[in-house]
Amino acid sequence: MAASLSTPKLSSPTLQTLCKKCKFPTNPFSSFSHYNKPNHFGSFNSFSHPRTRSYCRRFTTRADSTNVAEPPRKYDFDLFTIGAGSGGVRASRFAANFGASVAVCELPFATVSSDSTGGVGGTCVLRGCVPKKLLVYASKYSHEFEESCGFGWNYAAEPEHDWSTLIANKNAEIQRLTGIYKNTLKNAGVALIEGRGKIVDPHTVDVDGKIYSAKNILISVGGRPFIPDIPGSEYAIDSDAALDLPSKPRKIAIVGGGYIAVEFAGIFNGLKSDVHVFIRQKKVLRGFDEEIRDFVGEQMLLRGIEFRTEESPQAIIKSSDGSLSLKTNKGTIDGFSHIMFATGRKPNTKNLGLETVGVKLTENGAIEVDEYSQTSVPSIWAVGDVTDRINLTPVALMEGGALAKTLFANKPTKPEYSAVPSAVFSQPPIAQVGLTEEQAIKEYGDVDVYTANFRPLKATLSGLPDRIFMKLIVCAKTNKVIGLHMCGEDSPEIIQGFAVAVKAGLTKADFDATVGIHPTAAEELVTMRTPTRKIRRTPSEGKTDSEIKSTAGV
Amino acid sequence: MNIIIMARKMLIDGEKGNPNGEETHYDFDLFVIGAGSGGVRASRFSAQYGAKVGICELPFHPVSSEVIGGVGGTCVIRGCVPKKILVYGASFGPELQDARNFGWELNERNDFDWKKLLHKKTEEILRLNGIYKRLLANSGVKLYEGEGKVVGPNEVEVTQLDGTKISYSAKHILIATGSRAQRLPIPGQELAITSDEALSLEELPKRAVVLGAGYIAVEFASIWRGMGATVDLFYRKELPLRGFDDEMRAVVARNLEGRGINLHPSTNLTELVRTEDGIKVRTDHGEELMADVVLFATGRAPNTKRLNLEAVGVELDKIGAVKVDEYSQTNIPSIWAIGDATNRMNLTPVALMEGGYFAKTVFGGEPIKPDHTNVPCAVFCIPPLSVVGLSEEQATEQANGDVLVFTSTFNPMKNTISGRQEKTFMKLVVDSETDKVLGASMCGPDAPEIMQGIAIALKCGATKAQFDSTVGIHPSAAEEFVTLRSVTRRIAAGSNPSLESTRYESEEKRLEEGKMSMEIFEAPFDHEMGEATKKVQFSPARSS
């Protein structure tokens, strides 16, 4: 493996090329030009955020001292990135494209992450979005087989699933992807160093004993699943392990009600394991729109997932036959082959040397950053899950891209967090953009809510109890669509285009003016004519009235 | 003539329409001929505005004729709905193949029972037919079963099932009789079927021949292929789907071929002969092949022949479509027409729009023209195509400045495991001066569902910058539409790229696919990465 990596020694040809590159940058926005342009930060004056102002002052001082007091210090790299996941790779590649000399370090590849294992591509590619979605594809087939019976397809025998084929194909695919990521780094001229990076001082990174200096350091080490410390927690698996089990669970307990819990519940249920989900609250997916929470819970129940609500795990007991029991505040359930904890993720900020250089962390261990992703140490920056802002791959990409622009393209850029769409690949899946109804009422007071809850064409033929739920939340005053939620087949694909519309601030009238695509599920979102309820702040109009929507879209 | 069943308020707008104050009494404020998508929508909405409405429709049957139809119309009984049901049914065939690499153990051949699907399809359209009837009844619209004819500017005659004729007077008459599939006049044409019959065949064909290049042709080719038939598709031009973006047409052709459909471009059928072994099909290239079913998907003609329109002076165009102005009014002020009978844009949601706007204009006191720009549409071939706005060719013709074309070809994530060799293709066409997105198209799984939201953005003049500022939903195919960062090609204002050069580019793209397929998951990145190569590769192609 090491052979394929760029060697970190300064004498290496790669590095020489890189150094040449930074001395004679082809890009007009060379990294060094920062300090030579006195009015470069003029554009910052209009910013009002207090941290931005201090950032500005800091830079000016530094720029002054660089210009006047000492010659520009020479560093091995303009940017040293710790962690080659989505955000780190994006920032590194873009920085290199802008002419910066960049190195990135990453732990050796493994399907399960730890303090000493990781892999180029990061959580998304190796232990998150990608393998998860591949397993979702695989598990969805059992539902499709059922559906197909209603469309005239017959099976001589019940289709059986072979777990090892799936996992082997999944692993081959993520191996291929980690290779592609390495190539993209290489093609962009980014030096890839395998090992564990640790910050020594504001401009120095230690990778397994080798020292590199850098003008800027980027921390993009992501997060890792967290299992609470209860008796027997060593018998529990997390999502990393669940994606790479040697055999399929016969009966699995999934502890947690977040998106990871419901996604894995769908996966194992689709692959015909016996699935029991334990949630502390009454419903799954805290933070999501309440109606969506109810709807997805019902649909999952109909597909055979068992929910145990308001139950907190207290201990795991391994019995002599090897099976596991889960003890909760309500009792003990026996006979599990696996117990999975999907109880949250924590930023990977331990043993990074952050304390020694004084990088401030939040209470839960995330790195504190300003709107430009700068930490409390001016030369150190952080993007992605390690900052615990919105923990999504495309957001890390946005943060990484914005950072590269800020640092190396002479274009200070803040990532923009409004109307970020997201999806949960539960079965059926959920997608949303903008505010939940609860948030919208809190923020705007007067909102109109349009909902549709219907049986899609496919379900009328298949005879399965599948339904689709959609919700549009409109600001009554401006007519703008401020929230959009959907649970049902194809939601994530459907919502992306609508997210463009919501992001652009379009109104309900704009939605209505758009002709439907027939017959689709998505057309329902442009044919919602009557509000299901109008919520008004003033008590006179404040009654939540529930007008009933006309039946069909004719 | 015992037709006044429920008491209704007289129209306010009726009073306005009679400045002399004298009230002419009509049986109805509106009489609609044809209870398809447009007619039902116009009737219901007019009734909701307070109008007294009557509507007539032919008796129900899956296969239409001059004397058979059914409430719900083409869309519900012989179009969108049954077609999509069959597409669903057909899609399971390839899905089952794809399942194997995901670890599912299935028999080599899975049994497909066409009769069962047909039965369930008929059940479903009967259910919908019932819903439509109820919708009309619930909104107070009086439904008559029989054939309607216009006998005067304010007079409709309905021939009932028993042959008796009744006439009704109406202040306004709306023609919403739709259209019907046409056959090509070649020897043996009677052996061929149209899409009506294709949706109700007794037996699933083992060998199907489809003639035509439109959406109906490619959809049925996909349906039968998905169900396991051998399918031969014949069309006159080099590519199917005339009128769509040329590059998308090439992609569809490639995908149809990839799914095992035999394509016969630039070929016509000359004769059909019945033999013991099936129908012998002759082409103008001298080929012969045998088929169990020959489908003519060679266009549809408006249903205006037996409406007696000429007699009352309603103008028709060359192909028999009712000529209307922007408000759907014919040259006879009391007679209006909407939907396929007017042959504007023959889509259900457009007929719904025209019907709704007609009601608003005539009975809602708010004249409103249907807007036929940026109407999205879908072709449910497998995998489907969906588009909104302008094609690259149209954009090049219409834009003032240069046109920027952003494309992406990628291997959908599902295919990385299933091993299916089929790329999804997406395109955005942008006006370089205004940054407005003029057209969007996609061919690949879920394209029609994906395009609906994109259509809102286009309808409202969204810019490429607004697309770019939207964060992706990961991992989805749709996220490609908001991460198309670098221009695939720039077309100078006024230039007219020929199909030839476009196809050459597709060839180039295919050569590049080795690289392309590497880039799947990092679609957000690869555009920058691929930019230089693409530019180098594409520019010579365009200039040559």
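Rules behind the numbers
Residues numbered from 1 in each chain as written. Chains lettered and ligands numbered in written order. Predicted model: local features only at pLDDT ≥ 70, side-chain atom pairs only at ≥ 80, totals over all residues. Heavy atoms only, no water. Helix = DSSP H or I, 4+ residues; strand = E, 2+ residues; numbered from the N terminus. Buried < 20%, exposed > 50% of the residue type's maximum accessible area, 1.4 Å probe, protein only. Contact = heavy atoms within 4.5 Å. Areas by Shrake-Rupley, 256 points an atom, 1.4 Å probe, with all protein chains shown as cover. Core = buried A, V, L, I, M, F, W, Y, C linked by side-chain atoms within 4.5 Å. Buried area = accessible area lost by both parts, 1.4 Å probe. Salt bridge = Lys/Arg side-chain N within 4 Å of Asp/Glu carboxyl O. Polar contact = N/O pair within 3.5 Å; in protein donor to acceptor, adjacent residues only side chain to side chain. Nonpolar A, V, L, I, M, F, W, Y, C, P; charged D, E, K, R; others polar. Phe/Tyr/Trp six-rings, centres within 6.5 Å; stacked < 30°, edge-to-face > 60°. UniProt positions renumbered as here; feature names shortened; annotations may be inferred. Pairing = 2+ DSSP bridges. Axes fitted to C-alpha atoms, helices over the stretch in contact; angles between N-to-C directions.

Notes on the overall build of chain A
Counting its secondary structure elements, chain A contains 15 helices and 25 strands. Taking all 554 residues of chain A together, the buried fraction comes to 59%. Taking all contacts inside chain A whose residues are at least 6 apart in sequence as the whole, residues at least 24 apart take part in 64%. If you sum the accessible surface of chain A, you get close to 21400 Å²; carbon and sulfur atoms cover 52% of it.

Quick word on the nonpolar core
Ranked by internal contacts, the top residues of the largest apolar core, which has 225 residues, are Ile254 of chain A together with Trp224, Leu233 and Phe481 of chain B. Considering every element that reaches this core, the biggest residue donor is helix H4 (residues 80–99) of chain B, with 10 residues. Other than its neighbours up to four places away in sequence, phenylalanine 481 of chain B contacts Met426, Lys427, Leu428, Ala440, Ser441, Met442, Ile450, Met451, Ile454 and Phe467 of chain B. Ala191, Val207, Ile217 and Val359 of chain A belong to the second largest nonpolar core, which has 24 residues in total.

Focus on the interface of chain A and chain B
Across the boundary between the two partners, chain A contributes 94 residues, which contact 91 residues of chain B. Counting each side, the surface lost to burial between chain A and chain B is near 8000 Å², with a carbon and sulfur contribution of 68%. At the boundary of chain A with chain B, the tally comes to 0 salt bridges. Inspection of the region where chain A meets chain B yields 21 residue pairs in polar contact (both at pLDDT 80 or more). Partitioned by chemical class, the residues of the side of chain A that touches chain B number 51 nonpolar, 25 polar and 18 charged.

Examining the packing of aromatic side chains
For the structure on display, the rule yields 25 aromatic pairs over all chains. Between phenylalanine 77 of chain A and phenylalanine 80 of chain A, the ring centres sit 6.1 Å apart and the planes meet at 70°, which makes this aromatic pair edge-to-face. Classification of phenylalanine 80 of chain A as buried rests on a relative accessible area of 0%. Here tyrosine 144 of chain B and tyrosine 168 of chain B contribute two aromatic rings whose centre-to-centre distance is 4.6 Å and whose plane-to-plane angle is 35°, an arrangement assigned as tilted.

Considering the UniProt feature "domain: FAD/NAD(P)-binding" (unreviewed entry) in chain A
Following the UniProt record, one finds the feature "domain: FAD/NAD(P)-binding" (unreviewed entry) at residues 78–400 of chain A. End C-alpha to end C-alpha, residues 78–400 of chain A measures 15 Å, and it is 33% helix and 25% strand.

A few points about the UniProt feature "binding site: NAD(+)" (unreviewed entry) in chain A
Residue and element names in this part refer to chain A. Those residues carrying the UniProt feature "binding site: NAD(+)" (unreviewed entry) are Gly256, Gly257, Gly258, Tyr259, Ile260, Ala261, Val262, Glu263 and Gly344 in this numbering. A maximum C-alpha distance of 13.5 Å is found for the annotated residues, which run over 89 residues; spatially they form one tight group. Other than its neighbours up to four places away in sequence, glycine 256 contacts Ala261, Val277, Phe278, Ile279 and Ala342. Mapped onto the elements of the fold, glycine 257 is located in the loop between strand S10 (251–255) and helix H8 (259–270). On the accessibility criterion, glycine 257 (19% relative accessible area) is buried. Non-local contacts of glycine 257, meaning those with residues more than four positions away in its chain, are made with Val262, Ile279, Val284 and Leu285.

Overview of the UniProt feature "binding site: NAD(+)" (unreviewed entry) in chain B
Residue and element names in this part refer to chain B. The UniProt record marks Gly212, Ala213, Gly214, Tyr215, Ile216, Ala217, Val218, Glu219 and Gly299 with the feature "binding site: NAD(+)" (unreviewed entry), using the residue numbering of this structure. In terms of the greatest pairwise C-alpha distance, the residues named above, spread along 88 residues, form a tight cluster of at most 13.7 Å across. As for its position among the elements, glutamate 219 is in helix H7 (residues 215–226). Other than its neighbours up to four places away in sequence, glutamate 219 contacts Lys83, Ala378, Val379, Phe380 and Cys381. Relative to the elements of secondary structure, glycine 299 occurs in the loop between strand S15 (293–296) and strand S16 (300–302). Residue classification places glycine 299 among the partly exposed positions, given a relative accessible area of 39%. Those residues in contact with glycine 299, other than ones at most four positions away along the chain, are Arg180, Ala181 and Gln182.

Section: the sheet that holds strand S12 (residues 269–275) of chain B
Residue and element names in this part refer to chain B. The strand order across the open sheet built from 3 strands is S12-S13-S14, with neighbouring strands paired in antiparallel fashion. Each edge of the open sheet carries a strand with a single partner, namely S12 and strand S14 (288–291). On average, adjacent strands in this sheet sit at an angle of 25° to one another, irrespective of strand direction.

Topic: the pattern of salt bridges
Residues and elements named next belong to chain B. Scanning the model with the defined rule gives 50 salt bridges over all chains in all. A salt bridge links arginine 207 to aspartate 277; its shortest N-O distance comes to 3.4 Å. Here aspartate 277 lies in the loop between S12 and strand S13 (278–283) and arginine 207 lies in strand S9 (residues 207–211), a separation of 70 residues in the sequence. Overall, the relative accessible area of 47% leaves aspartate 277 in the partly exposed class. When the shortest N-O distance is used, the salt bridge between arginine 249 and aspartate 246 registers 3.1 Å. A residue pair is termed a helical-turn pair when its members lie 3 or 4 positions apart in one helix, as arginine 249 and aspartate 246 do in helix H8 (residues 246–258) at 3 residues. Across the pair, aspartate 246 and arginine 249 agree in class, each one buried.

Concerning the environment of arginine 196 of chain A
All names here are of chain A. On the secondary structure map, arginine 196 appears in the loop between strand S5 (191–194) and strand S6 (197–201). The exposure class of arginine 196 is partly exposed, given its relative accessible area of 23%. For the pair arginine 196 and serine 116, spaced 80 residues apart in the sequence, the C-alpha separation amounts to 7.0 Å. Contact partners of arginine 196, with chain neighbours within four places excluded, come to Leu107, Asp115, Asp206, Val207, Asp208, Lys350 and Asn351.

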